[in-house]
Amino acid sequence: MSKKFYVIWKGAKTGVFSTWSEVQKHTHGRSDAQFMGFPSKNDAEAAFASTYTKALMKRALDNKASTPYAQTTPHPNRETSHLVRSQAAEIQIYCDGACSPNPGKSGTGLAVYHQGKIHSLYYGLFKENGTNNTAELNGLLYAFKLANQYLDKTGKIQILSDSKYSIDCITKWAKGWQAKGWTRGKGEEIKNLELIKLCFSHYQEIKDRLIISHVKGHANIEGNELSDRMAVLARVKKQTSLIKYEGELDVKMILAMESG
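The rules behind these values
- Residues numbered from 1 in each chain as written.
- Predicted model: local features only at pLDDT ≥ 70, side-chain atom pairs only at ≥ 80, totals over all residues.
- Heavy atoms only, no water.
- Core = buried A, V, L, I, M, F, W, Y, C linked by side-chain atoms within 4.5 Å.
- Buried < 20%, exposed > 50% of the residue type's maximum accessible area, 1.4 Å probe, protein only.
- Helix = DSSP H or I, 4+ residues; strand = E, 2+ residues; numbered from the N terminus.
- Contact = heavy atoms within 4.5 Å.
- Salt bridge = Lys/Arg side-chain N within 4 Å of Asp/Glu carboxyl O.
- Axes fitted to C-alpha atoms, helices over the stretch in contact; angles between N-to-C directions.
- Parallel < 35°, antiparallel > 145°, perpendicular 65-115°, else oblique.
- Nonpolar A, V, L, I, M, F, W, Y, C, P; charged D, E, K, R; others polar.

A. Just the nonpolar core, in detail. Ranked by internal contacts, the top residues of the largest apolar core, which has 31 residues, are I93, F144, I157, I159, I170, I196 and L210. Listed by contribution, the elements that provide at least two residues to this core are strand 4 (91-100), strand 5 (104-114), helix 4 (132-150), strand 7 (157-161), helix 5 (164-179) and helix 6 (193-206). Looking at this core, the element that brings in the most residues is helix 4, giving eight residues. Excluding its chain neighbours within four sequence positions, the residues that come into contact with I196 are L137, Y165, C169, I170, A174, W177, W182, I190 and K191. With 16 residues, the next largest nonpolar core counts M230, L233, A234 and Y245 among its residues.

Next comes the structure, spelled out in structure tokens:
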């Protein structure tokens, strides 16, 4: 997963480093950190002599020219775009929920990327009487749990969801609801409260090391599309526990599966 040399442009210490543990030490807890990995010392030194912005631009151009997943097609006449890229996270976790009808049979899916490449897929959490919102909240919950397993290996993790409702519940509203005794004010009930409380608890433990991003659903973003396919697979197979997808990680083939 780790590359051989790293550059830190902004952190407690800057320069070229040969271990990921050094990068973690000098960037941990800094929301303004700027760092990147490189395959050779010469590449790293050349990048450090330039700027972080120029390094990002160069990498984006290189990926556009060489990354296979930019050309995959989920169905005829529609191309999948590059996945959303983070400035400070080598691991990205996309999560999504699917429900049909709504309320009805629901499932959740996750897609994990390491340094911009698909690493693993997960599906499950089937509910006979779920909703789209509960499936999305479950996606965040298990993304937090999965992120916690990676945090001893990386400084920050980016979690991406197309559900603004679930993101706002956890990152904006939950703190205020908790202060009011878990009500919306005037005693108004909060829907999906137990799930929100569980998500918020996990979020609070690791929030300083997370980047949480909202992405547009069904907008040809590969990670979002793959997590969508896994959510539908969970619903179709009625998979109750979250399990790892053991099939071949053939992006084109998976994107051809049923979508939500």
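B. Layout of the pattern of salt bridges. Under the counting rule described, the total for this entry stands at eight salt bridges. A salt bridge links D168 to K172; the shortest N-O distance between them is 3.6 Å. With a gap of four residues between them, D168 and K172 both fall in helix 5, about one helical turn apart. On the accessibility criterion, D168 (7% relative accessible area) is buried. Taking the relative accessible area as the measure of exposure, K172 reaches 54% and is therefore exposed. The closest approach of N and O atoms between R229 and E225, which form a salt bridge, is 2.8 Å. Here R229 and its partner E225 are both found in helix 7 (residues 222-237), four residues apart, which amounts to about one turn of the helix. Considered together, R229 and E225 belong to a single accessibility category, that of buried residues. Beyond isolated ion pairs, a larger network of salt bridges with shared partners links K164, D168 and K172.

C. Spatial organisation of the environment of L233. As for its placement among the helices and strands, L233 is situated in helix 7. Expressed as a C-alpha distance, the spacing of L233 and S259, which sit 26 residues apart in the sequence, is 8.7 Å. Filtering out sequence-adjacent residues up to four positions away, L233 remains in contact with Y123, Y245 and M257.

D. Layout of the packing of helix 5 against helix 6. Closest axis-to-axis distance for the helix 5/helix 6 pair is 10 Å, and the angle between their directions is 90 degrees. Considering the angle they form, helix 5 stands roughly perpendicular to helix 6. Residue-level contacts link Y165, C169, I170, T171, A174, K175, W177 and Q178 of helix 5 to I196, C199, F200 and Y203 of helix 6. For the contact of helix 5 with helix 6, a count of residues per class yields nine nonpolar, two polar and one charged.

E. Examining the environment of A174 more closely. Take A174: it is sitting in helix 5. In this structure A174 comes out as buried when scored by relative accessible area, which is 0%. It is 9.5 Å that separates the C-alpha atoms of A174 and C199, two residues lying 25 residues apart in sequence. In contact with A174, not counting residues within four places along its chain, are C169, W182, I196 and F200.

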